[in-house]
Amino acid sequence: MKEKFNIVGKPVIRQDAFNKVTGQAKFADDYNYPNQLYAAMIRIPVSHAKIKSIDYTEAIESGLVAATCDSSDIPGAKKVGPIRKDQPVFCDEKVVTSGDVLAMLIGENEYELKQASKKVKVDFEELPILTDIEKAMDEDAQIIHPEFENNLIVHYPLRKGNIDKGFEESDHILEQTYTTPHIEHAYIEPEAVVAVPLEGNRGIKIIGSIQNPHTARKVVAAVLGLPLTKVRIIQAELGGSFGGKDDTMNILSARAAVAALKTKRPVKIHYSREESILESYKRHPYRLKYKVGFSKAGKLKAMKIDLLADGGGYSCMSPFVTWRSVVQATGPYEVENVWTDVRAVYTNNPYTGAFRGFGSPQPIFAQESLMDEIAEIAGISPIEIRKINGFQKGSVTASRQVLRDHEINLLKVVERAAEESNFLSEWNKNKKDQSNAPSFVDELNPIVKPEHFIHPSNNVKRGIGLATSFRGCSLGAEGVDAAAAYISVQTDGSIYLLSGLAENGQGLKTTFSIIAAEVLGISEDRIHYLEQDTGIIADSGPTVASRSTLMGGGAIKDAATIIKNRLNEVALKHFNITDYDVLVYRNNTISNTENNLKIEFSELCQLAFNSAVSLSAVGWYKGPNVGWDEETGQGDAYFTYVYGCQVADVSVDMSTGEVYINKIVAVHDPGTVINIMGALGQVYGGVTQGAGYGLWEAIESEKGMIKELNYDLYIIPTSKDIDKIEPIFIEGEDDHGAWGAKSLGEPTLELTSAALANAIKNATGKRLFNLPLNLEEVLLSKKLRPKDFVRESSK
Amino acid sequence: MKIKFTLNKKKVTAEVESTERLIDLLRNKFQLMGTKEGCSIGECGACTILMDGKAVNSCLVLAEQIEGAEIITIEGIADGEQLHPIQENFIKAGAIQCGFCTPGMVVSSYELLNENPEPNEEEIKEAIAGNLCRCTGYKQIIDAVKISAEQLRDSK
C-alpha cells in the first residue's frame, strides 16, 4: 500500500497560475532594457551553398545599422554542438540547411533593420542538394560536412542471439517499411532572448526562452571564450518547449551575447513564427524497415530492424535521439534474436533534434502497427499477441537487460486499457463490419465510376486500435544522470526552493514544491519557487527525457530531508525527548502525540535559527548505474522503465478519408502521481500532440526549403479535433526519486499515432505505413506532396 | 495620427503611425505585455483582445482602427485584485501550463460567456477554436469555461 500522503497525489493549483491568468507572467519577449538594440538575421534562400563573400556596404550606408555581426566577431568557438561541434553560430563557409544564419545586423529599430537586411549582398555558389536519406550514404553522395569522410552522423548496432537461426525457426516472416515526417514543436511562444553586458569584467547576463539554462551557458561561454561563471543565464517564463528550445536557443543566446559584447549594449533577438519554423530543429523523420519472424501461435522469434533517421544539416541531438530508438526498437516484447541497426545521416533537410518522445514515437508507430499484423496472421487478437510476447518480471530486453527492480506493468496497463475501452468486443464488431477500403481514385483515369460511390449509410466506419510501449526513464546510459536542489527555510517558516531543472510549462515548480512540502509537513503555498538562474543553482543536466520528477524530485526530497533531520534535533531538544521517530510533521505543525507536545513549523524554524542551526541545504540525487556496449548494443540501458497503453476509438469518413477521434483511453504507470492536476494535463496535452503526429502534422520541405512556415499551413490540433481523452494511472511501489514518481510527459505522446493507425485498420481494413494518416494517406495510401521527397509504402 | 479610445475602462489617447498594429501599440506604448504575439497572421489567437466586446486578433487590427473603440485586454478582465470567475476557474481546473496562450484563451472565453451564458460543449470548443494551445490538449480549458458559465448563471 502507498504510504499516506498529506498533499502528494492531490490536485494542487500551479504556483505560476495567478500571474499567467492575469497576463503578468513575464516571457522572454516581455523583457526590455534601456538602450536595447535588436538583431536581424541574414540568410540566403537555398539549403546548400558555398559562401563566397558578404558585403554589408549598402546596408551600412542606409544609416539604419549600428553594427554588423558575423563569425569574425566571435572570440571563442565558432562551431557548437552537443557531441559533434559541426554547427556554426554564424555560417562563414557553407550553408547546409535552409534556416542557416550567416550574419546579423544590429540596430535600434526592428522594422528598419529588416529593410536594411535586404541590402546585404551575399555572394554564394549553390551546391547539389541532398534530400533523400536513402542516398546520403551512396558513394557519389554530396558530403554535407567535408570535415567528415561521409554523411553518417551515428550508427548504433544491437546484436542479440542468432538472427539467421531465429528466422529459420519461424513459421512466418513479415517484412514492412514505414516512414514518418519532420514535425515542428509549434510551441506557441516563438524564440526570444536578451543579452545584457554587465559592467566592468563581470561578463554577461542572458534572459531568454531557454529550456536548458546550464546547457546554454556552456555554449555561450565557449563562444565568448569566457569562464562559465562569467555567463549568467536566467530563464524567463517559458511559453512551451517540448524539447525544442534547447540547441536553437543556445545558439540564439550565443549570437545575442556576441552582439551585446561587441556593441556594449543589451541586444534582443526575437523571432517571428516564420523564422522560428525556418530555423528551429524538428523531430526526426525515420525510414523504418522491420523484418520479423514468428511462430504459428504468434510468438516472436527474430527481429531484424533497420532504422534510418534524417539528421538534416547538423548532428545536434541525433546521437542521443537514435540511441533511445536502438534500445526500444523491438517494443516491450521479448525477442530471442535481434539484429538492429540505427543510423542517422546528414542531408540538406531541416536539422533535427530533441522533441518530446525523443526517438520513440517513430519505432513505436512501426512496431506496434507490425504487432497487429502479426496478430492477424496468427489469428489472434491485438491483446493476445501482446500477452504472448510482452515483458513480465524477469524478461530479457533486446539489450539483454533483465527487467527487475521495478514494477513491470506492461500487461497490467494493457488489460486495464482493454477493459476500460471494451476493446475486444468493439474490435471484433468493427472487424466484422469491414467493407472494402476507400481507394477509388485510379491515377491514370481519375474519373469516379458509379461503383465507387459509397452509400451514405456506409460512409462512416468506426474502428478501435491499441498500442503499448515501455520507456526508459531519464537519460539512461546516454549521459551523466544527477540533479541538485536548493532549499532555504526562513525564520517565519516560508521557504525558497530551486532545482537545477527548469520549469518549461509542465508544472515543475508546483510538483517540486509539493515534494518539499510533503517531507516537511507544511502546506505547499509556504514555498516560493525561485527563477532558474545558473548563478544560483548547480548544473543538474538538462530538463529532458521526462526526468525532472524522477531526478529533480529525488534531489528536492533529499534537500528537504536534510532540513527535516536538522529540525528533528531542534524539536527533540525543545520537547526534551530523545526519540525522533515519534515526531509527526503535519498541518504546519511538528508534534509528538505520545506526550501531547507540539510546535508550529514557523516557531521551530525561528528556534533553529536562534540555535545557529543552518536552515539551508543542497540536495543531490544520482540514479543507479547503467551501462552500454557500443559495439554490441548490450547493457542495462536505463535503471527503470514506465509502461503505457493507449486505445484509440475513431470514425473514418470513407469518402474523404478524414479520421475523427472519438476517444483515446490512455493508461500509464508513472509510479506515484505527485500532482494529479498536472499529471492529467500531461496526458491530455501529450495525447493531443500524439494525435497531431498521427493524423495531421508534417513539415514537407522541397529542396530542403520548408513550406509550412506558419500555422496557416502547419496544422496542429485545435479544441475541436478530439472528442474525449480518458487518462488512467496505475500507481506502484517503486522507490526511485521521490516515492517512486517516474516519467509521464513523453510516454503520453509516443503511443497515440500507432493506436490511431491500428484503429484505422480496424475501421477500414486498410494498413497504413506513412505518417501522417491524413486524408490522402487514408484514401489513396500515398502522399500528394512534396514530389521530391519519395516515400515508400509497403506493397 | 492621434487617436482616442477606451483602454481597460480608462479613456486614453495615443499618437500612432498609419502602419502600426494594435498589438504593438498595446505592448510597446501602454506596456500591456499580457497580449502575446505567436504568429502575426491571426492563426494562433495569443494576441486576442476585446474590441467593442468582440474578441479580435490584435495583430490584424491597425492602431488607427480603434479610434473611439472600447478595448479590453487580459489586464482588464479582473476587477482590480478580484479575479474574474473565468480566471479563477482556469486556475482551479488546471487549464494553464506554459501560459502563453492563456491570456487569449481567457479573452475568447470571456466574449463567449458575455454573448452566450449557456454554451454547450460544442459552442465552447468553437469559441476557442481560434486559440491554439500546444500544452494542455484543451480539455481542462473547456472544463474551466463550462464551470465558469454555471457560476456566472448562478450568481445572476
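Details of the structure are given in the entry above.
To keep things clear, this report deals only with the structure shown in the data block. This structure is a prediction, so every number in the text was calculated from the model and none was measured.

1. What to know about the interface of chain B and chain A
Taken together, the contact between chain B and chain A spans 42 residues of the former and 51 residues of the latter. Sorting the residues of chain B by area buried against chain A places Q97(B), C98(B) and R134(B) first, and these three jointly supply 22% of that buried surface. Our enumeration of links across chain B and chain A arrives at 6 salt bridges. Here chain B and chain A share 19 residue pairs in polar contact (both at pLDDT 80 or more) between them. Mapped onto the side of chain B that touches chain A, the elements with two or more residues apiece are α2 (85-92), α3 (102-115), α4 (121-127) and α5 (139-154) of chain B. When residues of the side of chain B that touches chain A are assigned to their parent elements, the largest contribution, 4 residues, is made by α2(B). Taken together, the residues of the side of chain B that touches chain A break down into 22 nonpolar, 10 polar and 10 charged.

2. With respect to the pattern of salt bridges
Residues and elements named next belong to chain A. On inspection of all chains with the given rule, the structure shows 52 salt bridges over all chains. A salt bridge links K165 to E169, with the shortest nitrogen-to-oxygen separation between them at 3.4 Å. Close ionic contact of R255 with E279 constitutes a salt bridge, the shortest N to O distance being 3.0 Å. Of this pair, R255 sits in helix α6 (residues 247-263) while E279 sits in helix α7 (residues 273-279), and the two are 24 residues apart along the sequence. With respect to class, R255 is no different from E279; both count as buried. Each of R14, D16, K20, E237, E503 and K509 takes part in a single network of salt bridges with overlapping partners.

3. Thoughts on the packing of aromatic side chains
Residues and elements named next belong to chain A. Scanning the entire structure with this criterion turns up 15 aromatic pairs over all chains. When the centroid spacing of 6.2 Å and the interplanar angle of 20 degrees are considered together, the rings of F148 and Y346 count as stacked. One end of the pair, F148, is in the loop between β8 (121-126) and β9 (152-160); the other, Y346, is in strand β17 (residues 337-346), and 198 residues separate them in sequence. Assessed through its relative accessible area of 0%, Y346 is described here as buried. Consider the rings of W323 and W628, whose centres lie 5.2 Å apart with planes at 85 degrees: the pair is edge-to-face. Residue W323 is located in helix α8 (residues 318-328), and its partner W628 is located in the loop between β25 (616-622) and β26 (641-653); the two are separated by 305 residues in the primary sequence. Of the two residues, W323 and W628, neither departs from the other in class, the shared state being buried.

4. Observations regarding the sheet that holds strand β14 (residues 267-270) of chain A
Residues and elements named next belong to chain A. The strand order β3-β7-β1-β14-β11-β12-β13 describes an open sheet built from 7 strands, whose pairing is mixed. Each edge of the open sheet is held by one strand with a lone partner, namely β3 (67-69) and β13 (231-235). Between one strand and the next, the sheet's axes are offset by a mean angle of 25 degrees, whatever the strand orientation. As defined by bridge partners, strand β11 (residues 192-197) adjoins β14 across 4 bridges and the pair is classed as antiparallel. The partner of V194 across the bridge, within β14, is K268. Strand contacts of helix α5 (residues 213-224): β12 (204-208) and β13, with the helix running at about 150 degrees to β13, the strand carrying the most contacts.

Here is what the cut-offs are and how they apply
- Residues numbered from 1 in each chain as written.
- Chains lettered and ligands numbered in written order.
- Predicted model: local features only at pLDDT ≥ 70, side-chain atom pairs only at ≥ 80, totals over all residues.
- Heavy atoms only, no water.
- Contact = heavy atoms within 4.5 Å.
- Buried area = accessible area lost by both parts, 1.4 Å probe.
- Salt bridge = Lys/Arg side-chain N within 4 Å of Asp/Glu carboxyl O.
- Polar contact = N/O pair within 3.5 Å; in protein donor to acceptor, adjacent residues only side chain to side chain.
- Helix = DSSP H or I, 4+ residues; strand = E, 2+ residues; numbered from the N terminus.
- Nonpolar A, V, L, I, M, F, W, Y, C, P; charged D, E, K, R; others polar.
- Buried < 20%, exposed > 50% of the residue type's maximum accessible area, 1.4 Å probe, protein only.
- Phe/Tyr/Trp six-rings, centres within 6.5 Å; stacked < 30°, edge-to-face > 60°.
- Pairing = 2+ DSSP bridges.
- Axes fitted to C-alpha atoms, helices over the stretch in contact; angles between N-to-C directions.

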